[in-house]
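Descriptive analysis of the structure
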Amino acid sequence: MTADQGAARRRFEPEVTEHTQPFWDATRDRRLVIQWCPGCNAPVWYPRETCPGCLGSEYEWRESTGSGTVDAVTVMHRPGSPGMAEMVPYTVAMIELAEGVRMMSNVVGCEPYEVAPGMAVRLTWETLSDGRNLPLFEPARP
Amino acid sequence: MSDLTAEPSSTGVEPLREVLIVCRAFGLAGDRKWPPNVNPQGYQQGGSGGTRGRERVPWVTQTCPGLSGGAVGGVRRPASCVVVEWLVTIPPMTQRTLRGEAAIVGVADAASPTGELELTGRALEVAMIREALDDAGLTIADVDGLCVGGPSPAGLAEYLGIHPRFLDGTMVGGSSYEIHLEHAAAAIAAGLCEVVVSVYASTPRSDRKRPGSGRRPQMSGPNPMADWELPYGNALMGSYALSASRHMARYGTTPEQLAQIAVSTREWACMNPRARYRDPITVDDVLSSPMQASPLHLLDCCLVTDGAGAMVVTSAERARDLAKEPAYLLGAGTATDHQMISQMPDLATTPGTVSGPAAFAMAGVGPSDVDVLMGYDSFTITALLHLEDLGFCGKGEGGPFAMEGNLGPGGSLPMNTNGGGLSYTHPGQYGMFLLVEAVRQLRGECGDRQVADASIAVAHGSGGVLSVMATSVLGTEATL
Ligand SMILES: [Zn+2]
């Protein structure tokens, strides 16, 4: 077991549903895929059965480059779930992906208070207990 | 599977951040523009409204020239840009107005300096209903409409032994009671019923000591929040902290300015004998209290106390014959644009920008007419957002506005005169207490903390995580 697998077990791990399966399957290859509505020519985040723009059920999955910007960030000094008590303080951030999607994640790989809105970040991963990977972000240092 | 980044059309236009992409411009009755800090110039108008879920929402995006649309939570917006404002058109008030149709005629609430109440559950609900009916000079036999948040208003009706013909179980968090009032007034105006009671009781603090309670049900099944937020260790506090972070980044709002809201609110609590906390605090006290979720400190956060309340609503006609001076509903509005924080279209702008102007339009008054603001304060940032989004100050000016001392006793905008969720009581869904205090201010019953000659009060509830905003504009007989 790697170090990050040990860390991952402390997190809440979402169950895989019929609709989120393609998303989680792609994470096993460390690929971040985003649901895309061809009719609206727009991304749909979070993945769901129908597009909130047109209520259509046609969709495809497109891979994100994983580069983004911190839109907002908080440093959690109290754990959001009991399992994360040992991880405080940690960041919870909203990440604006280049593709126009804004998703929640953690920014890791630096001191929590170094993370600020506007910071450029890139994708990184943490392995969950069943081999899926959870998309996280780290500072995009050149 | 293709690469998404190739998708947005690249026209050589510099990607913009922190720019005004979409502007609010409310077409109100009398052609008044709202809020006053609208500045739509410079960007051409794109699309003409949109759908979110199954509802057609009345907004129009203005896109940056040359940038194609992206989507967050179904809100189309230009890629690489930040939505700062968007445009909302409120239907003219002539289409649908409840102004002066109904009034709150009885109120009650329970809170304690210990933070705990002896009663709980149905017994506490019934105690509140009895007290509110006594306040109105009505009896349970008069009640033909019942609002209680949750799955079964019929269960409470059965317990009370009444057979109401109007039921409302709306439970969308703290703003549920402003929504109950709006629905009750609409039902009364439509002739569905005549006397509606709304009640709330919650005892999270003393429940900790009760056997069998204190365990929360586990979430199961597909759940977007479980899928896309919980793995990252977000919590309620973190959601509000993210909003504060965005507000600070965009407008330069400071921790000191947020802290001032807690300080001003405590000044009011000092004059409420039933408030949980009555010792004055300073900005430094707030900033030196333990950090919870940056930038929010412990004293930026609301209390966890027991609490309960009830209100009685009836027609304006019947209200005039009852025990106390009626508090007439002049205007009401409800709006939502997300449920979980990661789907909020703009973390620094709430759907109060829709509910507030709608309520003011119906009331035919504006922010400068308001004598008392009861603005839901789950956190200091929550209250700050209301100040801006309802138009009491310009967008981004909430911090300086609070710092100027406008919100405390003697200020230009007395806010949360009962001591608020920050210092009076906060049992989880606080919206009932906003209405109860607003009514008491309009009646002149508030003793030391009474705002002189209060004739218009606003109760603005916030439910979820800045998710569901509901605004009630109340006024005395003289304002009709
Ligand atoms: Zn679509």
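Worth saying up front: this structure is predicted, and the values here are computed from it rather than measured.

Calculation notes
- In this convention, every chain numbers its residues from 1, walking through the sequence in written order.
- A letter from A marks each chain and a number from 1 marks each ligand, given out in the order of writing.
- Residue-level local features of this predicted model are given only where pLDDT is at least 70; pairs of side-chain atoms are given and counted only at 80 or more, and the full residue set underlies all totals for whole chains, interfaces and linings.
- Only hydrogens and water are set aside when side-chain values are computed; all heavy atoms of the structure are taken into account.
- Exposed residues in this analysis have more than 50% of their type's maximum accessible area, buried residues have under 20%, and partly exposed residues fall in between, with area computed by a 1.4 Å probe over protein chains only.
- Note on conventions: DSSP H or I runs of at least 4 residues are helices, E runs of at least 2 residues are strands, and numbering of each starts at the N terminus.
- A pair of strands is considered paired only if DSSP assigns at least 2 bridges between the two.
- Here a pair means two rings of Phe, Tyr or Trp (six-membered ring of Trp) with centres within 6.5 Å. Their orientation is stacked below 30 degrees between planes, edge-to-face above 60, and tilted elsewhere.
- Angles run from 0 to 180 degrees between N-to-C directions of axes, and those axes are lines fitted to C-alpha atoms, restricted for helices to the stretch in contact.
- What pLDDT conveys is the predictor's confidence in a given residue, as a value from 0 to 100.
- The contact criterion used throughout is that any non-hydrogen atoms of two residues lie within 4.5 Å.
- Water is absent from the atoms considered, so a metal site may look incomplete; donors are defined as N, O and S atoms within 2.8 Å of the metal, or 3.2 Å for Na, K and Ca.
- Square planar and octahedral sites, with four and six donors, are those where opposite donors lie more than 155 degrees apart and all other angles lie between 65 and 115, tetrahedral sites have four donors with every angle between 85 and 135 degrees, and the rest are irregular.
- What a helix should span is 1.5 Å times the count of its residues minus one.
- By definition, a salt bridge exists where a carboxyl oxygen of Asp or Glu is found within 4 Å of a side-chain nitrogen of Lys or Arg.

**Focus on the pairing of strand β6 (residues 102–105) of chain A**
All names here are of chain A.
- Because side chains alternate across β6, one face comprises the buried residues Arg-102 and Met-104, and the other comprises Met-103 and Ser-105, equally buried.
- Where strand β5 (residues 90–97) meets β6, 4 bridges bridge the pair, whose relative direction is antiparallel. Bridged to Met-94 within β6 is Met-104.
- Turn length for the β5-β6 hairpin, with the two strands adjacent in sequence and antiparallel, is 4 residues, and the turn residue Gly-100 shows positive phi of about 95 degrees.

**Brief notes about the packing of aromatic side chains**
- Taken as a whole and assessed by the stated rule, the structure comprises 13 aromatic pairs over all chains.
- Ring centres of A:Phe23 and A:Trp45 lie 5.9 Å apart, and the angle between their planes is 55 degrees; this geometry places the pair in the tilted category. Of the two residues, A:Phe23 sits in helix α2 (residues 21–27) while A:Trp45 sits in the loop between β2 (42–44) and β3 (60–63), which places them 22 residues apart along the sequence. As far as burial versus exposure is concerned, A:Phe23 and A:Trp45 are alike and both buried.
- Ring pairs connect the aromatic residues B:Tyr177, B:Tyr200, B:Tyr376, B:Tyr424, B:Tyr430 and B:Phe433, which therefore count as one cluster.

**Structural notes on the sheet that holds β2(A)**
Residue and element names in this part refer to chain A.
- The sheet built from 3 strands is open, its strands ordered β2-β1-β3 with antiparallel pairing. This sheet does not close on itself; its edge strands, each paired only once, are β2 and β3. Shown here is a sheet whose adjacent strand axes are inclined to one another by a mean of 50 degrees, direction ignored.
- Judged from the 4 bridges that link them, strand β1 (residues 33–37) and β3 form a sheet pairing that is antiparallel. The residue of β3 that forms the bridge with Val-33 is Glu-63.

**Details of the confidence of the model for chain A**
- Per-residue confidence for chain A gives a mean pLDDT of 92; residues scoring 70 or more make up 94%.
- Contacts of residues 1–8 of chain A to residues separated by more than four positions or lying in other chains number 12 contacts, the stretch itself having pLDDT below 50.

**Let's talk about the coordination of the zinc ion**
All names here are of chain A.
- Every protein donor of the zinc ion is listed here as Cys-37 (SG), Cys-40 (SG), Cys-51 (SG) and Cys-54 (SG), and their distances to the metal cover 2.2 to 2.4 Å.
- Every donor counted, the 4 donor atoms about the zinc ion form angles of 106 to 114 degrees at the centre, which fits tetrahedral coordination.
- Counting along the primary sequence, the residues that act as donors to the zinc ion give the motif C-x2-C-x10-C-x2-C.
- Judged by its relative accessible area of 5%, Cys-51 falls in the buried class.
- We classify Cys-54 as partly exposed; its relative accessible area is 41%.

**Some words on helix α6 (residues 236–251) of chain B**
All names here are of chain B.
- Taking 1.5 Å per residue, 16 residues should reach 22 Å; α6 reaches 23 Å between its end C-alpha atoms and fits that length.
- Buried residues of α6: Gly-238, Ser-239, Tyr-240, Ala-241, Leu-242, Ser-243, Ala-244, Ser-245, Arg-246, His-247 and Arg-250, and no others.
- Two residues or fewer past α6, Gly-252 is found with a positive phi of approximately 75 degrees.

**Overview of the pattern of salt bridges**
- Counted according to the given criterion, the structure contains 28 salt bridges over all chains.
- Close ionic contact of B:Arg274 with B:Asp109 constitutes a salt bridge, the shortest N to O distance being 2.7 Å. Of this pair, B:Arg274 sits in the loop between α7 (255–269) and α8 (283–288) while B:Asp109 sits in strand β7 (residues 102–110), and the two are 165 residues apart along the sequence.
- Its relative accessible area of 27% is what places B:Arg274 among the partly exposed residues.
- On the basis of relative accessible area, B:Asp109 is assigned to the buried category, the value being 6%.
- Here B:Arg250 makes a salt bridge to B:Asp346, at a shortest N to O gap of 3.1 Å. Of this pair, B:Arg250 sits in helix α6 while B:Asp346 sits in the loop between β14 (327–336) and α10 (352–363), and the two are 96 residues apart along the sequence.
- One network of salt bridges, in which partners are shared, links A:Asp71, A:Glu96, A:Arg102 and B:Arg246.

**Here's the deal with the side chain of B:Gln441**
Residues and elements named next belong to chain B.
- Locating Gln-441 in the fold gives a position in helix α14 (residues 431–443).
- The exposure class assigned to Gln-441 is buried, which follows from its relative accessible area of 0%.
- The contacts of Gln-441, once residues within four sequence positions are left out, are Val-372, Thr-417, Cys-446, Arg-449, Gln-450, Val-451 and Ala-454.

**Quick look at helix α1 (residues 121–136) of chain B**
All names here are of chain B.
- Taking 1.5 Å per residue, 16 residues should reach 22 Å; α1 reaches 23 Å between its end C-alpha atoms and fits that length.
- Within the span of α1, buried status applies to Leu-124, Glu-125, Ala-127, Met-128, Ile-129, Ala-132, Leu-133, Asp-135 and Ala-136.
- If you follow the buried residues of α1, they end up packed against β7, β8 (145–148), α2 (153–160), β10 (195–202), β13 (307–315) and α14.
- Just downstream of α1 lies Gly-137, where phi reads positive at about 80 degrees.

**Side note on the environment of B:Val263**
All names here are of chain B.
- Examined against the element boundaries, Val-263 turns out to sit in helix α7.
- Residue Val-263 is classed as buried on the basis of its relative accessible area of 6%.
- Once residues lying within four places of it in the same chain are set aside, the contact partners of Val-263 are Ile-281, Thr-282, Val-283 and Val-286.

**So, the environment of A:Met84**
- With respect to the element layout, A:Met84 can be found in the loop between β4 (67–76) and β5.
- The spacing of A:Met84 and A:Arg11 is 73 residues in sequence and 6.1 Å in space, taken between C-alpha atoms.
- Beyond its immediate chain neighbours, meaning those up to four positions away, A:Met84 contacts A:Arg10, A:Arg11, A:Pro79, A:Tyr90, B:Pro231, B:Tyr232 and B:Gly233.

**Here we look at unusual backbone geometry**
- Note the cis peptide between A:Trp45 and A:Tyr46, where omega equals 5 degrees.
- Of note, A:Tyr46 is situated in the loop between β2 and β3.
- Omega for the bond connecting B:Ser294 with B:Pro295 falls within 30 degrees of zero, at 5 degrees, which places this linkage in the cis form.
- Within the secondary structure, B:Pro295 sits in the loop between β11 (291–293) and β12 (296–297).
- With a phi angle near 65 degrees, A:Leu55 is a residue other than glycine that sits in the positive phi range.
- The residue A:Leu55 is located in the loop between β2 and β3 in this model.
- Here A:Leu55 falls in the partly exposed class, since its relative accessible area comes to 37%.

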